[in-house]
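# A closer look at the structure
Each chain, letter by letter, is given below.
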Amino acid sequence: MAGAGLRAAARRWLPRRDHGGPRAASSSPSCPGCGPPGPGAHCPGAPRSAPAPAPAGGAAEPSAHLWARYQDMRRLVHDLLPPEVCSLLNPAAIYANNEISLRDVEVYGFDYDYTLAQYSDTLHPEIFNAARDILVEHYKYPEGIRKYDYNPSFAIRGLHYDIQKSLLMKIDAFHYVQLGTAYRGLQPVPDEEVIELYGGTQHIPLYQMSGFYGKGPSIKQFMDIFSLPEMALLSCVVDHFLGHGLEFDQAHLYKDVTDAIRDVHVKGLMYQWIARDMEKYILRGDETFAVLSRLVAHGKQLFLITNSPFSFVDKGMRHMVGPDWRQLFDVVIVQADKPSFFTDRRKPFRKLDEKGSLHWDRITRLEKGKIYRQGNLFDFLRLTEWRGPRVLYFGDHLYSDLADLMLRHGWRTGAIIPELEREIRIINTEQYMHSLTWQQALTGLLERMQTYQDAESRQVLAAWMKERQELRCVTKALFNAQFGSIFRTFHNPTYFSRRLVRFSDLYMASLSCLLNYRVDFTFYPRRTPLQHEAPLWMDQLCTGCMKTPFLGDMAHIR
């Protein structure tokens, strides 16, 4: 019955292709919260009103036809999105970019920071404050910089920074700047200025201005979670210099800030904070223990490759797992110097004792329970014979942890993306679902109805375009007011998303997500439609390009 009712509704709403005339026109009131979006515009969440009378000329006017189609689409979107359609995504799920069966995985490898050890966001203000003070005290930066505090809501991971232009910006998978997401200091840069800065285009020639790992020379991509306080500090320092009319060399300022952030790590300040209060800074330690114990119980081999020093890793693992944590791992490598660990053959392994003293003997095998420093992946593969898709390595940094392993060595890879949990919770909200669905439907109307080019129809299309832009801004702000989602620009995937898909077979919010699946589980990626493959889009339903038999398949949505 539901399918028959839906098909009947669709037949009522779908136009006949051999008849271009409109039916009764209708309109909706503007939404005060969104400003005046133009005649007939309607903000998601605002009450729908009865159609208004058709303008003079009635059905003969193309603009009346456009508004009638607008209202038909409005009703269809409303009817096809019942409340239960929200909360469909599970923040604790594992998402697959590539098909992978855990049954085939014999060896599991892990990074430490933000992989085995998940850190609280309270760590970021500490890093920001310490690096800010280093700039003032050691690099002699103006004392006024101390007035800035860390703003956790300012930046997101995956942004690019143009050093010579002092621009922090979000770039999509096609190397275009998302307009409205370019900041110099703490102030947004007008879209017109951004386009002018890049020669009249939004396109950024990243292959000329940045390397494979996003490290310059002209543009740097901030890819790890530790870069959040770095972006915040960089923006604050630029803001201070610009606000006080101080001349500065952009390259020097950028290097000083990144060096100050580096000093926080190199001098061991961050390690000291975490070691002093692990309960405060380390999250989900019991879940990490559960994951490792479960894998070992099922006969899997484990290894650890991290850039962190052994003393720090040892304290954290003792806190999460216990004093015998090394018995869970077949190989432990610290201070590995990734990503060069994966590409540079020259650095040999050295054995390290528990006091941190280096041994001088030549390493001919990697022993369980021992600690090794530096080395390289080529010797690692030779000594362990762990090769190809039977190895699955987890890390949080798409470049330093995963890229070379997938592209050069054929390992399977899993990306840890803590931001995923929050983003999914936003996606599951009714506000996001309705806003996005109506935005898609409205985009389809614009595409199909652009053939109407009389003066009144152009005004209607302009009103729709304005409403669409407002919807896009609202949806973006749900994630982050300045930069939006780390995974999407308005409609395209971000450059970060492109790398995530390219360098990871699986991605998840935390390692503990593995506890929700059997150790022989097979992950199947969903077939996401290419543009020419899409079987049914919401915007096509009311605009006459789909055949009605498809609608029967949608009955279950009701």
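The name an unreviewed UniProt entry assigns to the chain is 5'-nucleotidase domain containing 2, from the organism Rangifer tarandus platyrhynchus. In UniProt, the chain has this text filed under Sequence similarities (unreviewed entry): "Belongs to the 5'(3')-deoxyribonucleotidase family."

Scanning the chain from N- to C-terminus turns up 18 helices and 18 strands. Within the chain, buried positions represent 54% of all 558 residues. Pairs at least 24 residues apart make up 75% of the contacts formed inside the chain by residues separated by at least 6 positions. Working note: accessible area of the chain is about 25,500 Å², and carbon and sulfur atoms make up 52% of it.

What follows deals with the side chain of Ser-504. Residue position: Ser-504 is located in the loop between α17 (495–503) and β17 (506–508). Within the structure, Ser-504 has its side chain in polar contact with the backbone oxygen of Leu-500 (distance 2.5 Å). Setting aside residues no more than four positions away along its own chain, Ser-504 makes contact with Asn-97, Leu-402, Met-406, Thr-413 and Ala-415.

This paragraph deals with the sheet that holds strand β3 (residues 107–110). Read across the open sheet, the nine strands follow the order β1-β17-β16-β15-β3-β11-β12-β14-β13; overall the sheet is mixed. The two strands at the open ends of the sheet, each matched to only one other strand, are β1 (95–96) and β13 (349–352). Of the strand pairs in this sheet, strand β11 (residues 301–305) and strand β12 (residues 331–334) are connected by three bridges, and their pairing is parallel. Bridge pairing in β12 places Ile-305 opposite Ile-333.

The next point concerns the pattern of salt bridges. Oppositely charged side chains are able to pair whenever their charged atoms sit close together. Overall, the coordinates contain 32 salt bridges when judged by the stated rule. Put simply, Arg-262 and Asp-263 hold a salt bridge, and the shortest N to O gap is 3.2 Å. Residue Asp-263 is classed as buried on the basis of its relative accessible area, which comes to 10%. Here Asp-337 ties to Lys-347 by a salt bridge, and the two come within 2.4 Å at their closest N and O atoms. Of the two residues, Asp-337 is situated in the loop between β12 and β13 and Lys-347 in the loop between β12 and β13; the sequence distance between them amounts to 10 residues.

With that settled, the discussion passes to the sheet that holds strand β6 (residues 167–171). Judged by pairing direction, the sheet is antiparallel, and its five strands sit side by side in the order β8-β7-β6-β5-β9 without closing on themselves. Strands at the two margins of the open sheet, each flanked by one partner only, are β8 (187–188) and β9 (219–221). Relative to strand β7 (residues 177–184), β6 runs antiparallel, the two sharing three bridges. Pairing of Ile-171 across the sheet is with Val-177, part of β7.

Across the five residues that make up strand β16 (residues 412–416), a large majority, five, are buried. Where burial is concerned, the two faces of β16 agree: the one with Arg-412, Gly-414 and Ile-416 and the one with Thr-413 and Ala-415 are both buried. Sheet topology note: the strand β15 (residues 391–395)/β16 ladder contains four bridges and is parallel. Considered in β16, the bridge of Tyr-393 is made with Thr-413. One ladder, built from three bridges, connects β16 with β17; its direction is parallel. Looking at β17, one finds that Gly-414 is bridged to Leu-506.

With 83% of its residues at a pLDDT of 70 or more, the chain has an overall mean of 85. Counted against residues more than four places away or in other chains, residues 1–59, with its pLDDT under 50, gives 111 contacts. Segment residues 536–558 is flagged for pLDDT under 50; beyond a separation of four residues in sequence, or across chains, it makes 62 contacts in the model.

For β11, a buried count of four out of five residues is recorded, marking the element as mostly surrounded by other parts of the structure. Bridge analysis of β3 against β11 gives four bridges, and the strand direction is parallel. Paired with Gly-109 across the bridge in β11 is Phe-303. You can see the chain leave β11, run along helix α11 (residues 310–320) and come back into β12, and the turn it takes is right-handed.

Right, let's talk about helix α6 (residues 227–243) for a bit. With 17 residues, α6 extends 24 Å from end C-alpha to end C-alpha; this agrees with the ideal 24 Å at 1.5 Å per step. Counting buried residues along α6, 15 of its 17 residues qualify, which places the element largely inside the surrounding structure. Among the residues trailing α6, Gly-245 stands out with phi positive, at a value near 65°.

Summarising the element assignment, Pro-418 is placed in the loop between β16 and α14 (419–427). Through-space distance from the C-alpha of Pro-418 to that of Tyr-507 is 9.8 Å; in sequence the pair is 89 residues apart. Among residues more than four places away in sequence, those in contact with Pro-418 are Gln-118, Arg-157, Ile-225 and Ala-509.

Glancing now at unusual backbone geometry. Following Lys-338, the chain continues into Pro-339 via a peptide bond in cis, with omega recorded as 5°. In this structure, Pro-339 sits in the loop between β12 and β13. Phi at Arg-284 takes a positive value of approximately 60°, unusual for a residue other than glycine. With respect to the secondary-structure elements, Arg-284 resides in the loop between β10 (282–283) and α10 (285–297).

Taken as a whole, helix α12 (residues 377–384) has its buried residues at Leu-377, Phe-380, Leu-381 and Thr-384. Taken end-on, α12 shows its buried residues confined to a sector of 95°, consistent with a single buried face. Where the residues of α12 are buried, they touch β11, β12, β13 and α13 (398–409). One or two steps after α12, the chain reaches Glu-385, where phi turns positive at roughly 60°.

Basis of the calculations
- Residues numbered from 1 in each chain as written.
- Predicted model: local features only at pLDDT ≥ 70, side-chain atom pairs only at ≥ 80, totals over all residues.
- Heavy atoms only, no water.
- UniProt positions renumbered as here; feature names shortened; annotations may be inferred.
- Helix = DSSP H or I, 4+ residues; strand = E, 2+ residues; numbered from the N terminus.
- Buried < 20%, exposed > 50% of the residue type's maximum accessible area, 1.4 Å probe, protein only.
- Contact = heavy atoms within 4.5 Å.
- Areas by Shrake-Rupley, 256 points an atom, 1.4 Å probe, with all protein chains shown as cover.
- Polar contact = N/O pair within 3.5 Å; in protein donor to acceptor, adjacent residues only side chain to side chain.
- Pairing = 2+ DSSP bridges.
- Salt bridge = Lys/Arg side-chain N within 4 Å of Asp/Glu carboxyl O.
- pLDDT = per-residue confidence, 0-100.
- Right-handed = clockwise from strand over helix to strand, strands pointing away.
- Expected span 1.5 Å × (residues − 1).
- Arc of directions from axis to C-beta.

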